[in-house]
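# Examining the three-dimensional arrangement
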Amino acid sequence: MAEIIFQRRIATAIPTDPLIILLLMGLLQQCGGQFINRAPHFVPQTGDMSQFVLPEDTKVGTPVYQLKGIDPENGQLTYSISGQYFTVDSLTGVVTLAKALDREEQATLEVIISLTDEPTEDTEPNTISLRRVIPVRDVNDNAPIFHNRPYIVNISEATPVGSEIEVNPNIVVTDRDEGVNAKVEVVCSNRERGGDAEACATFRLVTEQVTPNEYRVRIFLSKPLDYESRTAFVISIEAVDGGTPPLRASASVAVAVRDEQDQPPVFLTAPYSAAVVENTPPNTSIMEISAVDGDTENPRSVLLTLEGDSAKYFRLAPDRPLGSATLLTTDVPIDRESDIVVQNGGVYSFYVKATELINNELPSDFTVMPVTIIVTDDNDHIPEFNKKDFDISIPENIENGSPIPGLSVYVDDNDIGQNSRYNLSLRDVHNSEGVFYISTDHGEGRTPINIKVKDTTKLDYDVDDEDKRHFSFDMIASVNGEELSSARVNIKLLDVNDNAPVFEQPNYKFYVLESEPVGFKIADVSATDKDYGIYGDIEYTLMGFGSNLFKVDRNKGGLYVGRTLDYESQTSYSLTLIAKDGGGKSATTSIFIDVLDANDNAPVFDSPEYTRTIRDGATSFEPQLVVRATDIDGPAQGGGRIRYTLQSDNSIAHPGQVFAVHPEQGEITVLRPAQSMDTPRGLYELVIRATDFGNPPLFNETRVLVRVGVPGNQRPTFKGNYHHLTYTLAPRGPATTNSDYALELGPVNYKASVREDAQPGQHVQTVQATDPDGLDNLLRYHIVNGAKDNFVIDEVTGEITVSNDAHLDRDNNPDRYEITVSAVDSGTPIPETATTTVFVNVLDVNDKPPKFNITDTTTYISEKTKIDSVVTKMTAEDTDLNAQLKFSIIEPIKAFSKAGVLLKPSSPFDYRNMFKINEDSGEIIVNGSLDYSQMSSIILTIKVTDINAETNKEQQFDTKEYTIYIQPYADKNPQFTNPGWTTLHPVIYHQINEEQPIGSTVLVLMAEDPVSGHVVTNFKVINSETGLLQVDPLSGQVVLTKHLDYEELTSPNLTMTVHATSNDGTKHSTAKVVIEVLNINDHAPIFENELFKVSVLESIQYPERILTVQAKDADAVLSDLDKKIGYADVRYALRGDNAELFVIDNVTGVIQVAPNKTLDRERQSVLRLEVEAYDTPNGGADRLKATTTVLVDVLDVNDNDPKFDKDLYIAVVPENAQIGMSILKMTAMDPDEGLGGEIKYELVDEGDANGLFTLDATTGEVRVRSLLTGRGRTGAYRLLGAAADGGGRTAHAQLALYIGDLSANDGVPRVLRPEMKEILSVPENATLGSMVYQVVASDPDDPATPAGQLTYSIQRTNADADVFDIDSQTGVLTLRRPLDRETRATYTVVLVVEDRGSPPQRTARVLTVSVADVDDHAPHFARSLDDPPILIATKEEVPVGTIIGELQAVDEDIDENAAIDYMITAGNNFGLLKLERTNASKALIIAAARLDREEVSKLVITVKCFKLGTTPRYSKSYNRLDLTEIQVVIKVLDIDDHLPEFESANMTVGVRLNVPVDSIIARVKAVDRDADAKPIRYEIVNISFESPIKSRSVENVTDVIGVNNVTGDLKIMKNLIHYADGLFRLTVRANNSNETDRFSDIRVEVVVVRERDLLRLVGVGGRALAGLRERVAAALRPMQLRLQLHDTAHASGPCFQIRKDSGEALSPSAARAALRTATGASAALGAAGAHVAACSTPRGAHSVAARALLALAGVLPLAALIAALALCCMHSAAKRRMRAALVPRETPRLYAEPLYST
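Now for a description of the structure that goes with this document. Here the structure is a predicted model, which means the values were calculated and not measured.

About the cut-offs
- Residues numbered from 1 in each chain as written.
- Predicted model: local features only at pLDDT ≥ 70, side-chain atom pairs only at ≥ 80, totals over all residues.
- Heavy atoms only, no water.
- Helix = DSSP H or I, 4+ residues; strand = E, 2+ residues; numbered from the N terminus.
- 1 Å grid on protein atoms, 1.4 Å probe; cavity = no way out; pocket = protein on both sides within 12 Å on 5 of 7 lines; lining within 4 Å.
- Points joined across faces, edges and corners; volume = space filled by probe spheres on them.
- Nonpolar A, V, L, I, M, F, W, Y, C, P; charged D, E, K, R; others polar.
- Patch = residues over 30% accessible without salt bridge, like charges linked within 9 Å, V, L, I, M, F, W, Y side chains within 5 Å.
- Areas by Shrake-Rupley, 256 points an atom, 1.4 Å probe, with all protein chains shown as cover.
- Salt bridge = Lys/Arg side-chain N within 4 Å of Asp/Glu carboxyl O.
- Lys, Arg positive; Asp, Glu negative; His and termini not counted.
- Charge placed at Lys NZ, Arg CZ, Asp CG, Glu CD.
- Pairing = 2+ DSSP bridges.
- Polar contact = N/O pair within 3.5 Å; in protein donor to acceptor, adjacent residues only side chain to side chain.
- Disulfide = S-S within 2.5 Å.
- Buried < 20%, exposed > 50% of the residue type's maximum accessible area, 1.4 Å probe, protein only.

Turning our eyes to something else, we now look at unusual backbone geometry. Backbone torsion omega between Asn695 and Pro696 reads -5°, so that peptide bond is classified as cis. Mapped onto the fold, Pro696 is located in the loop between strand E54 (683–692) and strand E55 (699–708). A cis amide bond, omega 0°, links Glu891 with the succeeding residue Pro892. By the secondary structure assignment, Pro892 is in strand E72 (residues 885–896). Not every positive phi belongs to a glycine, and Lys312 is a case in point at roughly 60°. With phi around 60°, Glu1437 is a residue other than glycine that occupies positive phi space. Looking at the secondary structure, you find Glu1437 in the loop between strand E113 (1430–1435) and strand E114 (1443–1448).

What follows is the structure in structure tokens.
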């Protein structure tokens, strides 16, 4: 901020003239206001750098600020800034960083910023200067630094946990950054490859802040130290600051552990293990034992003793050994089979104790070392069976492959290895050859044996020879063919019900005469069962429809006639004979019984008598005369064939010669002319006999009467349309019934129908006859009979019509008329007559009202009758066929008290609602509580209505009064004496079983008259709901009339209502008889299959489903009792030896493995189950059962793990053992089959013995894999062996292998770290001398000897070796030269580890050092400063999300340090684009919004790249000097996506009537917003003319108005004189596309007006006209008027016209009136200063005043010019005088002192 002080000296020569002074003062005042140059100033805060802070990582060339100033005169300002760090654009004030910043070198920048305006005329420019101190903001650009390195510590192994480890000098870490960037945390790190995790767990680091930039690291002990476990540590420490991203620094602390006297003795050659053969001689040397003090600096003497040698097998020599001793055997022989050795797997273990002696006397610390003696076997035992004899019983139905149940056998050989191996076999003793087999043919040690069934066909209990039910064989154990031991197995077969009864044939067919008596034996049918005892006893049952007519012997099975048979009722029977054995197995056979016919039925004629009339002398019957008889006997008795014979006739002259009958067809023919004189009365009487062909033959006879007429004239013949009779005659010969002939032999008749309401004269039918010997029109027709005056016939035409007296009512007359019509000819000597029958059916019309058909209109009920009890049932009938009756109770309803007094409607007793009626059934039902004391009787009016009435619907009803007498409780009506019947509950309930014989009495109804005491003998069924029962009216016996089968009923109750009437007929009682038919269990369950088979895995578990068995029971379920008893309810149960392994859902039949049960294929591979299905779940003697067999094939799964014979295998091997030498054998067993039982061995963890041993995958033998020289040590090598079967199941066993040490320096050093091909990662910014790794190696030799002490070195074979150093003692690898990953990314170093033995052993290891990248490069675009922007083109309207282009920056770093992100910093103001980073650090430019070429044709965006995860600083302007920015030009390519658009959708144009032809009256203008749009072409697509005179309107006036197809000008093409006051409507279309559907239309109205019809708006124009137009139009709109302007550019104002919405124009006077009345119109005109005048007002001559005014207007511009020149001259002179007066004598001083603010 600055303050500027101006000082000016006042002139000494001061005028004294007051007038001059006043003039000068005025001029000074004016000039001072115009010419003083005021000082500019900076814009506070936003333009003066007062709050400006700059981060130190800002790139050089980055615009960082913009200075902003204000000049009071708005002149050009220039900016400047001092110092070397910034440059400023003098005109824009943009400040750019010119020199790199480093806050740690300079925390603030002091600059002077200046602002200078430009001089004005004679004034000097003003300059304002400000001093600014700019803070440099810290960024995290300095990593922490460790000081005082290297760090080396030496501590005692006895240092207590928690103690601080003194590091001298202290570990100091500094960070030059500030704030959070300088906050440092030091941690122990093992994240670098090769890091020491154990060191981090042993030591704890604490970081303490000393100053804001300095930290001290303290180390504390977290875990106890042990010199003998580890002598040194290298702690990798890492300092991490708090910046984002954090920077790191690494260092290492070398910790050496100092030994203390704290270790017990150490055995040198341990572990101690040896293999000793049992029975080794005494004093045999086994091994040497040596021990020394564990503290190597001051060792003590060590005494050796044995402990735990309980069997006294060994001793030490000498007797008191110090330091070393020899282990010898004693006199006690070693026994491999002793309990102590066997229990430990053939290993005898004891301990050797090494005790430190203080001064060679006092015992001190001691160490106990186990000694393992592997006792090798001597073959001194033979294999032995666990028993010598086995007696086993097995069921005969055992399956092939099943182990013999109950046989538990194993062979045991106490030897081991090869000595315990033997072969197994079977030897037949009795009947067992090929029947059984042994599961394995060899064994080792203890081997369980499975004997399985091989051939079940020989296991059959059901044989005659009992000896074949016993089997014996020996199990043999042998070695090399020599039998060593055996055991005998004796097997006895057990009978099971494995055989069902078997019939000889699957079906039988028998024949029996229907005449055979009851008890006649039809045939012997029986079944056999191979089982014995109760399983072989068979019981027979006969089932099937009609089985009640036959019977069977329950035990023997014979088939007998049970009831009388009738061939004509049923000719054959299909029955099922069931044979069930004592075990529940059953078999069925089908029995077909054909009933043979006996000739027990004589033929029956169709008619007992036949009549026919023929004329005298006739020789034939016209039509034919046929007699017919039928015989219902079967084919065996003639098959219905009948022979007809003429038995006699009454011919006088020619008996037996006039007529004959066809013996088969029954046709009667005339043999001789019939003569009326040949008969006593002109009537022949013939006797025809029909005889069947049965044995013996039966016959029947009929009479045929033939009347003889007069000869001469032939009779007429009717044509007819209906044949009343049809005969079917069987042809002769062997033809079947399918070839019968149907002959219509009846007379030719007629059939017609007529409605019963037919009117007189209605046509019924027309009959026609022909006269064979005369004219048909001479025939005369007459009704002979049958018309009953209801029909008449026209005697000429034969038309039958309804007569005038017709009464065709079906209720009173027949519904069918057989009218006999005769046709009489005119022949001679006498007319002949022919007759025909017209069958007329009278069609019913629902025209009759219903009628009650009850005679008894009273009833008596007890006052105790319950509500809803049925009192009686009203019945009515309606003769109409389609009648539907509805019953109701209507008024009047009368009720009387017990005194006979009529109850009033207002009576408190609601008698009106005491009863109700069922509208459909007519049952009157009690609806309230009856009380005799309130009402003794009631008269109900019952109405019945036919709701289907067709005529007289209102009259089709009937009413009936019904009286109900309420009796007091002491009822005197007849009383039923059957149990359960009472007057309050008049129901008789009785139960009978189904299958009762027809005609049996199921119940006897009994009743007595309570007055007379007589038994009632008058019973009547008034309602029956079944057709199975009848009631004897006298005895009351209820008799069964049909076969009673429960399964054929729909309800178990047979119900009927019976009246018992007193003997005098005056009283009666009602009983509802309910006969409940009881179901009997006559159907056993039947399984879907006789045998079920299923295969399951042995791994199946509950509740997995195995299978579902289903059985059906045909017993019916009609009642709750049926459901409760459950004759049809099937339940399931399991039976058999294996039933405990399974469970079955007793309802669904689902079989599952039982809970907590498993299937074991190894025990039994096939399981047999018996499933029993039984009904009647609650039990009882009626229960019926059925059984089926389920075979479960158990499939093997790999469910057994291999099992080693021991958990730990111990062996001792010398270090000079040859490769391939067998050390020991691991043995595992797996009882599974297939792949699941194949075992493969492998070593899964070799530990320190990696590569030393190998395990044979097949045999399990452990062999030496590589030379063991130098591998000897005291401790055992621990290995883990695994046995895996083919299914992936494994078992593990431990191996402890001891390698004996035979040489002083045979151990080769082994490099533990780095591992083979390990790659060490070192950051490229690692400091020189810092620790980068620690090499760790081991030597199997004793570390207390030179052979076990190691040195480290680097092999100097290449230049890479000069980059690193290694400490020869600790193996710590340090850095000698700086690293740069971008120059060299990897180094290869050969590390050498060598012991100090003689000769020395060495090992080399190649270490690859990878230089880890440090983020020391910034991302940037690969461009030069002058490269143009990247150009990318894309089409407009691409979908949002479309990838438009791709950018990629570069970063010399790698991996996550090279991850680049991008952002748009400028040019994306509308958010049309977005960037999306890919995993490859590319930037995809994506359309984020709609791109419209017409809105944006080009986008210039600036894209900035930066480190992923950081927030960059950026400005909104592109800086070409900044390579992290790049400009991208997105050019949006146009597509044709816009239609031409008119300025408005409608246009109205007014044109005067006298407009010249070819005048342009308007221009239509359309614009296409597409940049590359084609020129628009215009055309008129529709034009019409509407005249005020409707008749002059023209649709097509295309030649009147035209359009310029390029400019859109509308022209008048024709004189408009004929279109006055009319309106042209035209549609102009604009199109610039080849596609015909891409266009826009505008509707143009051209109004042709006369000038006299127009008004003018005077005094308004330009912009005011548009506003006035809108206000006036708005005022006219409510009046449905619109304003139409013409020639708006006219100087006097536009002419206009007012039109209605319909298009009709108002006259000028009407228009003026409308403007006056329109609300707001006059006000709008007044406000605009306009008025309305005629458009055609004539122009007059100018007045004198007007001419003078025009002259004055012409002079005024010249006068103004002269005045301006004069004033300019005066102004210049005044200015010169004023300037001379103000010039001072001394030069003025300018003071610009900056004001500093704190």
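Let us now look at empty space enclosed by the protein. Scanning all chains against the criterion turns up two cavities of 30 Å³ or more. In this structure, the largest cavity spans a volume of roughly 50 Å³. Surrounding the largest cavity, Glu164, Ile165, Glu166, Val167, Asn170, Arg216, Val217, Arg218 and Ile219 form its lining. Examining the composition of the lining of the largest cavity, we find that four residues originate from one element, strand E17 (residues 214–221), more than from any other. Approximately 30 Å³ is the volume attributed to the second largest cavity. Asp1653, Leu1655, Phe1696, Gln1697, Ile1698, Leu1706, Ser1707, Pro1708 and Ala1711 together form the lining of the second largest cavity. Those elements that place two or more of their residues in the lining of the second largest cavity are strand E131 (1695–1700) and helix H6 (1708–1717). The leading source of residues in the lining of the second largest cavity is E131, at three residues. Considered class by class, the residues forming the lining of the second largest cavity number six nonpolar, two polar and one charged.

Now for a negative patch on the surface. Taken together, the side chains of Asp464, Asp465, Glu466 and Asp467 define an acidic patch exposed on the protein surface. The topology assignment puts Glu466 in the loop between strand E35 (451–453) and strand E36 (470–479).

What follows is about the pairing of E55. With six bridges connecting them, strand E48 (residues 609–614) and E55 associate as parallel partners. Residue pairing across strands places Glu609 opposite Arg703, the latter belonging to E55. Note: E54 against E55, nine bridges, orientation antiparallel. By the bridge assignment, Leu686 is partnered in E55 with Val704. Between E54 and E55, which follow one another and run antiparallel, lie six residues.

The topology assignment puts Thr440 in the loop between strand E32 (436–438) and strand E33 (442–444). There is a polar contact of 3.1 Å between the side chain of Thr440 and the backbone oxygen of His442.

Moving on, we get to the state of the cysteines. What the rule picks out here adds up to one disulfide. Each sulfur in the disulfide pair Cys188 and Cys200 lies 2.0 Å from the other. Taking the sign of the torsion about the S-S bond as the criterion, the disulfide between Cys188 and Cys200, at about -80°, is left-handed. Of the two residues, Cys188 sits in strand E15 (residues 184–188) while Cys200 sits in helix H2 (residues 197–202), which places them twelve residues apart along the sequence.

All chains considered together, the criterion is met by 60 salt bridges. Of the charged contacts in the structure, one is a salt bridge between Arg1563 and Asp1609, with a shortest N-O distance of 2.4 Å. Of the two residues, Arg1563 sits in strand E122 (residues 1560–1563) while Asp1609 sits in strand E126 (residues 1609–1612), which places them 46 residues apart along the sequence. Residue Arg1625 pairs with Glu1645 through a salt bridge whose shortest N-O separation is 2.7 Å. Residue Arg1625 is found in strand E127 (residues 1623–1631), and its partner Glu1645 is found in strand E128 (residues 1640–1649); the two are separated by 20 residues along the sequence. Taking relative accessible area as the criterion, Glu1645 reaches 19% and is therefore assigned buried. Salt bridges here are not isolated pairs; linked through shared partners, they connect Arg103, Glu104, Asp138 and Glu178.

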